[in-house]
Amino acid sequence: MAETVLSLRDIHKSFGGQEVLRGIDLDVTEGEVVCLLGPSGSGKSTLLRTINHLEPPDGGAVFLRDELIGYREANGKLVELTDRVLARQRAKFGMVFQGFNLFPHLSALENVVEAPVLVKREDPEQARARARELLASVGLADRADAYPRHLSGGQQQRVAIARALAMSPAVLLFDEPTSALDPELVGEVLEVMRRLAARGMTMLVVTHEIGFAKDVADRVVFLDGGVVVEQGTAAEVLANPRRRRTREFLTHVR
Amino acid sequence: MSTETPLAPPRPSRPADTRKRVKAPLHPGWWIGSAIVGLTLLNIGNVVVRSPNLDWSVVGEYFLSTDVLLGLLRTVELTAIAMALGIAGGMLLAVMQLSPVPVVSWAAKSYVWFVRGTPLLVHILFWYNLAALVPAVAIEIPFGPTLFEANTNDLITPLLAAVIALSLNEAAYMAEVVRGGLLSVDPGQREAAKALGMTHRQTLRRVVVPQALRVVIPPTGNQVISMLKASALVSVTSTPELLYSVQVIYNNNFKTIPLLVVASAWYLVVTSLLYVVQHYLERRYSRGDRRG
């Protein structure tokens, strides 16, 4: 059996008295692709953001292999880590955002090179060579010197994926990566994600693309009201949902 | 009467020569407006060139005189120092205003409110007359020895009072400029930087500041130009900057207008240079934002 890479234990999170996550447990094994589905407001994006501590969870724990993320234990209490240690931990996750969030003042190549050189202290020449390979792998070898505003949404998102991959993350987190794209550009981004999954990348994907989940996901997790309602293989959850809530959701998105 | 109504009016016949240029007739307002402006300029020009009170030879005589050049140098110095301190103070105040600690942000906001609500001339006079409020300044360890003691009037020279007043005033305005710049950067940018493993400082230095600069540079250029001109106010404290230098000269020779022309010409020269620098900086920092 494959090794567990990521473990979430009883994750809780509230915003202004409203509990968005109400005790979530999830284990992700090496090379697994997990799709998080659920209606808007179900907490799936928030859950993704607690994993790399962009949203500090109020309760519960995130483990990357055996490392507790975001906190250290002191006298039986959890204390938030310093900025420097947090940054080092976050570098182990890759994140792809709905709005791409490329750095507009840097070219595509510079976007990919920035973090490896700044954070991992990689040799700039080697980092550039690697970045060119990564851009080629997402089909953008000829757009390396373009600035984000001159790229289409699909191209920007592919650069963002290359940027995340440049840090050689243990897990890639996707937060609705195709939701901001024009319909005709969705396919090129999903295609890149498909190839990553095939290469054995461990991926957690918040998405509304049921087709992608059906084809690529090893496991589908359905969230609603801040809890996991149902999970299983794509065939189980998508073809034969056991819970009424899941069935209702699926009839609406299809 | 025809039973068929034509759907379209008959086509006009083509003009013989289709290459003829279109010429818009001139509106009578064009003539009237031009005449008023022209006459006004002629009158002003007549006064400027021919008036015996605006003696151009005096302008030429003093334009490069040592006193005027020294005054110009002092004005440029004052502007540079006050601007540098003002930008530093403005950055500090902007970060304070955005601080999550209520006391800190409140203090910064109050400072900005106070300074922007009171005239710069009053600040200059206040610092110049500080001795009237605090006669002596001392640094001492409580219940211990006095490390440093000085008479305020010896310590705060007119020049230092000018620098303090201009810098403290500028800091309040620059705080608003810098704050606007920092807020203009999309929050998603900080998130992306964090997610890539950048520390708070790395995020600020490599992601937020370069993008904020693009927004901050044009108004900062305007602030420098304003500062250059506002520094003339410190002439009230007999600080020998450009304006005071020409005042000293015309108080002796009564060539008031020619010497004001000398000062104005120098202000124009320096502000024009600053416009060029500002234009160059704006282009440099709009990288990635140019259309086309």
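This is a predicted model, so every value here is computed, not measured.

Engineer: If you had to explain the packing of helix H5 (residues 153–165) of chain A against helix H6 (residues 183–198) of chain A to someone new, which residues and values would you point to?
Structural biologist: Residue and element names in this part refer to chain A. Across the interface, H5 lies against H6 with an axial gap of 8 Å and an inter-helix angle of 20°. As summarised for this structure, H5 and H6 are arranged roughly parallel, according to the angle between their axes. For the pair H5 and H6, the crossing hand works out as right-handed. Along its contact with H5, which presents Gly153, Gly154, Gln155, Gln157, Arg158, Ile161 and Leu165, the element H6 presents Leu185, Glu188, Val189, Val192, Met193 and Leu196. Class assignment of the residues belonging to the contact of H5 with H6 gives a composition of seven nonpolar, four polar and two charged.

Engineer: I'd like a rundown of the UniProt feature "domain: ABC transmembrane type-1" (unreviewed entry) in chain B, residues and numbers included.
Structural biologist: The positions that UniProt labels "domain: ABC transmembrane type-1" (unreviewed entry) are, in the present scheme, residues 72–278 of chain B. In this annotation, residues 72–278 of chain B is assigned 75% helix and 5% strand; the end-to-end C-alpha distance for the span is 20 Å.

Engineer: Go over the sheet that holds strand E12 (residues 227–232) of chain A with me, naming the residues and quoting the values.
Structural biologist: All names here are of chain A. Here we have six strands laid out as an open sheet, ordered E8-E9-E10-E3-E11-E12, and mixed in their pairing. Looking at the sheet topology across the chains shown, the edges are occupied by strand E8 (93–96) and E12. Strand-to-strand twist of the sheet, defined as the mean angle between neighbouring strand axes without regard to direction, takes the value 20°. Two strands pair when backbone bridges link them, and strand E3 (residues 33–37) and strand E10 (residues 203–206) are joined in this way by four bridges, in the parallel orientation. Bridge pairing links Cys35 to Val205 in E10. Those strands touched by H5 are E8 and strand E9 (171–175), and its axis lies near 170° from that of E8. Across the sheet, H6 lies against E3, E9 and E10, angled at about 150° from E10, the strand it touches most.

Engineer: Before we move on, could you go through the interface of chain B and chain A and cite the residues and values that matter?
Structural biologist: Chain B puts 26 residues into the contact, and the matching count from chain A is 28 residues. There are two salt bridges connecting chain B and chain A. A salt bridge links Arg49 of chain A to Glu191 of chain B; the shortest N-O distance between them is 2.5 Å. Scanning the region where chain B abuts chain A turns up seven residue pairs in polar contact (both at pLDDT 80 or more). Where the side of chain B that touches chain A is concerned, the elements lending two or more residues are helix H8 (187–195) and helix H9 (200–230) of chain B.

Engineer: Break down the packing of aromatic side chains for me, citing the residues and quoting the values.
Structural biologist: With the rule as written, the count across this model stands at four aromatic pairs over all chains. Here Trp30 of chain B and Trp31 of chain B contribute two aromatic rings whose centre-to-centre distance is 4.8 Å and whose plane-to-plane angle is 75°, an arrangement assigned as edge-to-face. Ring geometry for Phe126 of chain B against Trp127 of chain B: centres 5.4 Å apart, planes inclined by 85°, an arrangement best described as edge-to-face. Take Phe126 of chain B: its relative accessible area is 40%, and that puts it in the partly exposed class. Owing to a relative accessible area of 21%, Trp127 of chain B belongs among the partly exposed residues under this scheme. The cationic tip of Arg163 of chain A hangs over the ring face of Phe103 of chain A; the distance from NZ or CZ to the ring centre is 4.6 Å.

Engineer: Lay out the UniProt feature "domain: ABC transporter" (unreviewed entry) in chain A in plain terms, naming residues and giving numbers.
Structural biologist: Per the UniProt entry, the sites bearing "domain: ABC transporter" (unreviewed entry) are residues 6–250 of chain A in this numbering. Secondary structure across residues 6–250 of chain A comprises 37% helix and 28% strand; the distance between its end C-alpha atoms is 27 Å.

Engineer: Go over the sheet that holds strand E2 (residues 18–29) of chain A, please, and point to the residues and values.
Structural biologist: All names here are of chain A. The four strands lie next to each other as E2-E1-E4-E5, forming an open sheet whose pairing is antiparallel. Both outer strands of the open sheet, E2 and strand E5 (67–68), are each paired with one neighbouring strand and no more. The sheet contact formed by strand E1 (residues 4–15) and strand E4 (residues 59–64) spans five bridges and is antiparallel. Considered in E4, the bridge of Arg9 is made with Ala61. Lying over the sheet, helix H1 (residues 44–51) contacts E1, E2 and E4, oriented at roughly 120° with respect to E1.

Engineer: Talk me through the nonpolar core; I want residue IDs and the actual numbers.
Structural biologist: All names here are of chain A. If you look at the biggest cluster of nonpolar residues, it comprises 53 residues, and the most contacted ones within it are Leu135, Ile161, Phe174, Met193 and Met203. For this core, the element with the highest residue contribution is H6, accounting for eight residues. Met193 has contacts with Ile161, Phe174, Pro177, Met203, Val205 and Phe212, leaving out every residue within four places of it along the chain.

About the thresholds
Residues numbered from 1 in each chain as written. Chains lettered and ligands numbered in written order. Predicted model: local features only at pLDDT ≥ 70, side-chain atom pairs only at ≥ 80, totals over all residues. Heavy atoms only, no water. Axes fitted to C-alpha atoms, helices over the stretch in contact; angles between N-to-C directions. Helix = DSSP H or I, 4+ residues; strand = E, 2+ residues; numbered from the N terminus. Parallel < 35°, antiparallel > 145°, perpendicular 65-115°, else oblique. Left-handed = near helix turned anticlockwise from the far one by under 90°. Contact = heavy atoms within 4.5 Å. Nonpolar A, V, L, I, M, F, W, Y, C, P; charged D, E, K, R; others polar. UniProt positions renumbered as here; feature names shortened; annotations may be inferred. Pairing = 2+ DSSP bridges. Salt bridge = Lys/Arg side-chain N within 4 Å of Asp/Glu carboxyl O. Polar contact = N/O pair within 3.5 Å; in protein donor to acceptor, adjacent residues only side chain to side chain. Phe/Tyr/Trp six-rings, centres within 6.5 Å; stacked < 30°, edge-to-face > 60°. Buried < 20%, exposed > 50% of the residue type's maximum accessible area, 1.4 Å probe, protein only. Lys NZ or Arg CZ within 6 Å of the ring centre and 35° of its normal. Core = buried A, V, L, I, M, F, W, Y, C linked by side-chain atoms within 4.5 Å.

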